[in-house]
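Structural description and commentary
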Amino acid sequence: MYLFLAFLLVPIIEIALFIQVGGLIGLWPTLAIVVLTAVLGTALVRTQGRMALADLQRSFAELDDPTEPLAHGAMILMSGMLLLTPGFFTDAVGFALLIPGVRISVFRYLKSRVKITQFQMGTGSQFRSGQTTFDDDVIDGEFTEVKPRQNPAKPSKWVEGPHQH
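This structure is a prediction, so every number in the text was calculated from the model and none was measured.

Moving on, we get to the packing of helix α1 (residues 2-25) against helix α4 (residues 88-97). Where α1 meets α4, the axes come as close as 7 Å, and the angle between the chain directions of the two elements is 110°. The angle between α1 and α4 places the two elements in the roughly perpendicular class. Two secondary-structure elements touch here, α1 through Val 10, Ile 13, Glu 14, Leu 17, Phe 18 and Val 21 and α4 through Phe 88, Phe 89 and Thr 90.

Glancing now at unusual backbone geometry. The phi dihedral of Leu 63 falls on the positive side, at around 60°, and the residue is not glycine. In this structure, Leu 63 sits in the loop between α2 (27-61) and α3 (67-84). Exposure remark for Leu 63: the relative accessible area of 38% places this residue in the partly exposed category.

Packing of α3 against helix α5 (residues 100-113) brings their axes to within 10 Å, and their N-to-C directions diverge by 115°. The interaxial crossing formed by α3 with α5 has right-handed handedness. Only Pro 100, Arg 103, Ile 104, Val 106 and Phe 107 of α5 make contact with α3, whose side of the interface consists of Thr 67, Glu 68, Ala 71, His 72, Met 75 and Ile 76.

Looking at where Phe 107 falls in the secondary structure, it is placed in helix α5. For the pair Phe 107 and Thr 67, spaced 40 residues apart in sequence, the C-alpha separation works out to 9.6 Å.

Between its first and last C-alpha, α1 extends 33 Å over 24 residues, near the 34 Å set by a 1.5 Å rise per residue. After α1 finishes, the residue Gly 26 shows a positive phi value of roughly 100°.

Moving on to the side chain of Thr 37. Note on placement: Thr 37 falls in helix α2. What makes Thr 37 buried here is its relative accessible area of 14%. When residues no more than four places from it in sequence are discounted, the contact partners of Thr 37 are Leu 83, Asp 91 and Phe 95.

Calculation notes
- Residues numbered from 1 in each chain as written.
- Predicted model: local features only at pLDDT ≥ 70, side-chain atom pairs only at ≥ 80, totals over all residues.
- Heavy atoms only, no water.
- Axes fitted to C-alpha atoms, helices over the stretch in contact; angles between N-to-C directions.
- Helix = DSSP H or I, 4+ residues; strand = E, 2+ residues; numbered from the N terminus.
- Parallel < 35°, antiparallel > 145°, perpendicular 65-115°, else oblique.
- Contact = heavy atoms within 4.5 Å.
- Buried < 20%, exposed > 50% of the residue type's maximum accessible area, 1.4 Å probe, protein only.
- Left-handed = near helix turned anticlockwise from the far one by under 90°.
- Expected span 1.5 Å × (residues − 1).

Interpretation note: all reported values are geometric properties and have no functional meaning in isolation.
Here is the structure:
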């Protein structure tokens with residue numbers, strides 16, 4: 001129902017704003033503003049996207065929870081789509097999502113609405129001695145053991161209830 005309302009209301013809001021702004025400043029200045037916001041928005045999205053990608057890479061390198069950097073990246077991507085969509089309302093929402101404080105508020109709101117009760121990494125299957133895989137092919141490699149900086153007994157902020165390791 002919310003999606004239906006968005007698809008119904010957003011075009012109506014945009015048309016009303018185009019009529020109001022176009023009547024106030026004229027056709028060509030209105031079109032110039034639409035093009036200018038798309039160009040400016042693209043440059044800002046590119047800059048913010050690079051910073052979000054760097055934060056995501058840092059969280060992976062430090063073995064931190066990547067949820068917040070991923071959410072910021074998704075909101076920046078959504079911002080870019082809104083800024084490329086012609087219209088004043090979508091531009092306002094798109095520019096708002098480029099403000100880190102707004103993204104943090106949206107993330108906190110969404111985080112309070114979503115509850116994850118269980119999280120498991122991998123398939124959970126175990127290799128048993130005597131069992132062969134890959135038709136007895138041998139894969140030679142080197143590894144380095146990476147110790148996490150966080151306390152592994154401390155669960156993620158996103159998980160509640162019984163924890164599986």
